[in-house]
Amino acid sequence: MQNKGLIRLFAIILSVVCLYQLSFTWFAKNVEKDAVIYAETKAVASDTEELGKMEREYLDSVANTPVVNLGFTEFTYNEVKEKEINLGLDLKGGINAILEVSVRDILFGLSTESKNPVFNEALINAAKAQKDSDKDYLLLFYEAFETASNGSVKLSDPSIFGNKSLKDKINFKMTDDEVKPILEQEVKGSINTAFEVLRSRIDRFGVTQPNIQRIGESGRILIELPGAKDIDRVRKLLQSTAELQFWEVYTNQDLTQFFLSANTTLAEILKVEEAEVELDSAQVKDDEIDDLLGEVKDSVDFETTNPLFSKLFVRFPQSQNDISSIIGTASVKDTAIINEYLSMKEVRALLPSELKYTKFAWDAKSNNDFINFYALKSNRDDEAPIQGDVISDASQVFDQLGANPEVSMTMNSKGTKQWAKMTTANVGKFVAVVLDDYVYSAPRVNDAITTGRTSISGQFTIDEAQDLANALKSGKLPAAARIIQSDVVGPSLGQEAIDSGTYSFIIALIIVLLWMLFYYGKAGIFSDIALVLNILFIFGVLTSFGAVLTLPGIAGIVLTIGMSVDANVLIYERIKEELNKGKGLKESINDGFGGALSSILDANVTTLLTGIILYVFGTGPVKGFATTLMIGIVTSLFSAIFITRLLIEWYVNKDRQLTFNTNITKNWFKDINIDFLKKRKMSYLISGIILIIGLGSLFTNGLNYGVDFKGGRTYTVRFAENVSPPEIANTLKDAFGSSPEVKTFGSANQLKITTKYKIDDYGVAVEDEIQQLLYNGLGSFIPAGISFEQFKPGDKEVNIGIMEFYMVGPTIADDIKQAAIWAIIGSLIVVFIYILIRFRKWQFSLGAVAAVFHDVLIVLSIFSLLYKVLPFDMEIGQSFIAAILTVVGYSLNDTVVIFDRIREFNNKHPMWKYSRTVNTALSSTLGRTVNTSLTTLIVLLAIFIFGGDSIKGFMFALIIGVIVGTYSSLFIASPIMYDTTEKLDKKSKS
């Protein structure tokens, strides 16, 4: 092997980098352990709420304090936390949602809530059409409007979009084709606004490693909040309409006396006593606590006498130039305690009568973890003088010098009058632009503004100015976002998934390592070392890229372990063949690695292609599975081809003998000569019978479609005792109007309840109503003392109630189904083309695709035949499609290895009859086929038995796929390729 030194260096660097990346997870866990120890010294062990509060206090205190010193650099806890491995929703708990910005509401707002009957009929008809179409709502609206108007009215009509608020962009003379691009731009801008508002809200929510991203140009937004515990708050946060307001503000001069009095009063109320932190030697040392928390004597004294000023740096003006709308500045971590202090009734009572309705607010963004504080001039009704619905347009521009970004905004006639009045009254003072109760800007008013056009200047970047412009425009359009798909997992269920996933991972790894030692003896040690390094590489690369590890992702890694053995098996089997020919050990090793390379690359590329398709069409856990599968394939290739070879050649170069079998296995699969083609008619018959039965079941019994494909709400509910699904279904019949689908999910005290009740309705109120109906309906089965709040999903002490909640709206369900179909079709087309390019004969492509099609149909047939019989979930959803595409990849892996050997023998022995070539290729690869399939199957069985309930159906599909895929590569793919080749040869000779 050439460039050994370079490969060795790369392997060492890659290992060090992966260990470095994974070390942050270890560091983060250590800090969190210290937080637990600290909490236990501060709170009663039985008070879980107080313990949690103390843990958060500790972590907040070290958030920006170096907790890791690597010699050449230091890291704070926040930095360490950002670099640790990302756990997905199913492992950490939290919420995953797809929101859709209502384009219908945007259009209705742009029309100034038009009463035009043609326009409103088009809105309704477009909404109906969207349920059965994958087109964007806007395109459906155009079609519906054209049909409803039939030329009688135009989009630019004054009663629709030719109104005053759009007068600068649309006039009544414009044609529909001229109006459409303008509407598209307005809708796009409104969706961008919704995205920015949601991102801003999520950033302030405090969830570690959130993810928010646009889904194409569809108006849909994917939001993942792993670890989020207050589910109700999240749902309200995501779906409430943005509230834009303009307020007058108090200056720091106006509130000087209040803050001085508040600080003194708080010191008396809190009665903070100086105390030393006492921990016994078995826990954290005193000096370590002092270093981490800063609880030194001086700081304690200052906090005792100045509880408010120790948290909030108030800007007391020393001169006229110091007067500002910014009252003070604080660390982001202290904002909650400051809010708590200032909301105390004793503190509020200190405000003079003219200031008693003061409303405190924080800046919309922080700077180096510090954030500004403002005081708004509120009133008894807490209503802003100007609401955001008066903004007709806003955009990012530059100042008169063309240097600094600012925001230009235009108001409607009502807003122009209000703005003129406010700015006239506040010349020389300040006004604030507030969105969702956060201050975006609080500039000084230099002159009265009577034109309705004004600019807002500040220390903006171009992006920040654009965001503010979007925020200003959001008040004009009621572009509420609604959750059309969501998955809520309780933290306890997430922890159970981690435990089961880890358990199955360790068992699968041990089985594979022992098998390689048993089958290949001393050579198996080197493949085991390469396999362990491969796992290090997978987790290291996942962490480096910030990829999210999910339960299907763990399954993908474990599956990769099984499949990565395949490369070593191919290499070792080729080395054994070369040794049997009488070649020397070094020559056999060299020829074995070289001879197996083509098969390894072809087999892994086909699997990689299906992984890419999975990634493109999948979402959430499916995408996580695809990510780990693709990373695993690449790292497995490197480990098997290069690491294993480095180790073997190092060993052999020391003149040591190396065998590639044990005394037990040395004669296994040796001198096999089976006439597979002779049995092809029988295999066609067997497969035909199974497919006929399966197709009959698919047409009569159908499949158990999950909510992914049909829409609905699914609740995983855990009870204190075992329950009967039929009894629960009957109990809930009255609550939901019809019997929901109820089945045991895992243990007998856990059910999956699926209903389509109010599936066309969205919103927090609807979700609460359905969960309340569920709680009331299950009342007799729920232990006394379990309240509705404890029953709902989220962070809770009791392990009873809703553990997971999954909702898919009917519109997105159709889209998911469509994407799944395209994923399967796309994978077959891509594979056909790849094999055609590699083998230069369409017969090879036909054989491979026919085998894959055969495997998919059989897996579907078995699921159709058995979903009512087997005691675990066998729903057809996104995870099942991931399993199907994995089966496609695995089946191709097997088939391509055999095809590669057929091509090799055909080139070496052109005079052989083609039947002999095919049979010899099948026989010579049988050891590898059985070995790889058996290893993968054992791994999958380990996950199936010891993994979580949520992936049992997924793993069952893979198990069936591996068995059927192994069979089809031997008895379907090669025979079909042979038959079509022979027929073509006969025709060409005749």
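As the structure is a prediction and not an experimental result, all values here were calculated from the model.

Caption draft 1: Seen up close, the overall build of the protein. When its secondary structure is counted, the protein shows 32 helices and 23 strands. Across the 990 residues in the protein, those meeting the buried criterion constitute 55%. Within the protein, counting contacts between residues at least 6 apart in sequence, those at least 24 apart form 74% of the total. With the model as given, the accessible surface of the protein reaches about 44100 Å², and the carbon-plus-sulfur share is 56%.

Caption draft 2: Region of interest: the sheet that holds strand E14 (residues 405–411). In space, the three strands of this open sheet follow the order E13-E14-E17, with antiparallel pairing throughout. Either end of the sheet is taken by a strand with one partner, and the two such strands are strand E13 (391–398) and strand E17 (453–456). Neighbour to neighbour, the strand axes of the sheet diverge by 25 degrees on average, direction disregarded. Pairing of E14 with E17 involves four bridges; the strand directions are antiparallel. Within E17, the residue paired with serine 408 across the bridge is serine 455. Packed on one face of the sheet, helix H15 (residues 413–425) meets E14 and E17 and runs near 115 degrees to E14.

Caption draft 3: Spotlight on the pattern of salt bridges. All chains considered together, the criterion is met by 18 salt bridges. Measuring nitrogen to oxygen at the nearest pair gives 2.9 Å for the salt bridge that ties arginine 574 to glutamate 904. Of this pair, arginine 574 sits in helix H19 (residues 551–580) while glutamate 904 sits in helix H29 (residues 878–908), and the two are 330 residues apart along the sequence. The class of arginine 574 is buried, set by a relative accessible area of 6%.

Caption draft 4: Just the packing of aromatic side chains, in detail. Within this structure, the stated rule accounts for 32 aromatic pairs. Between tyrosine 20 and phenylalanine 24 the ring centres are 5.0 Å apart and the planes differ by 80 degrees, which places this aromatic pair in the edge-to-face class. Linking tyrosine 20 with phenylalanine 24, this pair stays in helix H1 (residues 4–42), spanning four residues, or about one helical turn. Assessed through its relative accessible area of 29%, tyrosine 20 is described here as partly exposed. When the ring of phenylalanine 638 is compared with that of phenylalanine 642, the centres are 5.7 Å apart and the planes differ by 45 degrees; the resulting orientation is tilted. With a gap of four residues between them, phenylalanine 638 and phenylalanine 642 both fall in helix H21 (residues 621–652), about one helical turn apart. In this structure phenylalanine 638 comes out as buried when scored by relative accessible area, which is 13%. Feature note: the residues Tyr20, Phe24, Trp26, Phe27 and Phe75 constitute an aromatic cluster, connected by ring pairs. We note lysine 180 situated over the ring of tyrosine 142; from NZ or CZ to the ring centre the distance is 4.8 Å. Directly above the aromatic system of tryptophan 912 lies the positively charged group of arginine 916, at a separation of 3.8 Å from the ring centroid.

Caption draft 5: Inspection of helix H5 (residues 103–110) at higher detail. All of the buried residues along H5 are Val103, Ile106, Leu107, Gly109 and Leu110. Taken down its axis, H5 places every buried residue within 160 degrees of arc, on the same side. Positive backbone phi, at 55 degrees, marks threonine 112, one or two positions downstream of H5.

Caption draft 6: Spatial organisation of the pairing of strand E20 (residues 712–718). Extensive coverage of E20 is indicated by the burial of seven of its seven residues. Alternating positions in E20 separate into two faces, Gly712, Thr714, Thr716 and Arg718 on one and Arg713, Tyr715 and Val717 on the other, with burial throughout. In this sheet, strand E23 (residues 801–808) lies alongside E20 in antiparallel orientation, the contact comprising seven bridges. By the bridge assignment, threonine 716 is partnered in E23 with glutamate 804.

Caption draft 7: Expanded view of the environment of glutamate 248. With respect to the helices and strands, glutamate 248 occurs in strand E7 (residues 244–250). Non-local contacts of glutamate 248, meaning those with residues more than four positions away in its chain, are made with Leu376, Lys377, Met422, Asn426 and Phe430. A polar contact is formed between the side chain of glutamate 248 and the side chain of asparagine 426, at a distance of 2.6 Å.

Caption draft 8: Representation of the confidence of the model for the protein. Confidence in the prediction of the protein, expressed as mean pLDDT, is 78, and 83% of residues score 70 or more. Across residues 272–300 the pLDDT falls below 50, and counting only partners more than four positions away or on other chains, this stretch makes 37 contacts in the model.

Caption draft 9: Summary view of the side chain of serine 923. Note on placement: serine 923 falls in helix H30 (residues 914–924). Discounting chain neighbours no more than four positions away, the residues touching serine 923 are Ile672, Asn673, Ile674 and Phe676.

Caption draft 10: Layout of H15. For H15, with 13 residues, the first-to-last C-alpha span of 19 Å sits near the 18 Å given by 1.5 Å per residue. Taken together, the buried positions of H15 are occupied by Gly415, Thr416, Trp419, Ala420, Met422 and Thr423. Among the structural elements, E7, strand E12 (386–387), E14, strand E15 (431–435) and E17 are those in contact with the buried residues of H15.

What counts, and where the lines are drawn
- Residues numbered from 1 in each chain as written.
- Predicted model: local features only at pLDDT ≥ 70, side-chain atom pairs only at ≥ 80, totals over all residues.
- Heavy atoms only, no water.
- Helix = DSSP H or I, 4+ residues; strand = E, 2+ residues; numbered from the N terminus.
- Buried < 20%, exposed > 50% of the residue type's maximum accessible area, 1.4 Å probe, protein only.
- Contact = heavy atoms within 4.5 Å.
- Areas by Shrake-Rupley, 256 points an atom, 1.4 Å probe, with all protein chains shown as cover.
- Pairing = 2+ DSSP bridges.
- Axes fitted to C-alpha atoms, helices over the stretch in contact; angles between N-to-C directions.
- Salt bridge = Lys/Arg side-chain N within 4 Å of Asp/Glu carboxyl O.
- Phe/Tyr/Trp six-rings, centres within 6.5 Å; stacked < 30°, edge-to-face > 60°.
- Lys NZ or Arg CZ within 6 Å of the ring centre and 35° of its normal.
- Arc of directions from axis to C-beta.
- Polar contact = N/O pair within 3.5 Å; in protein donor to acceptor, adjacent residues only side chain to side chain.
- pLDDT = per-residue confidence, 0-100.
- Expected span 1.5 Å × (residues − 1).

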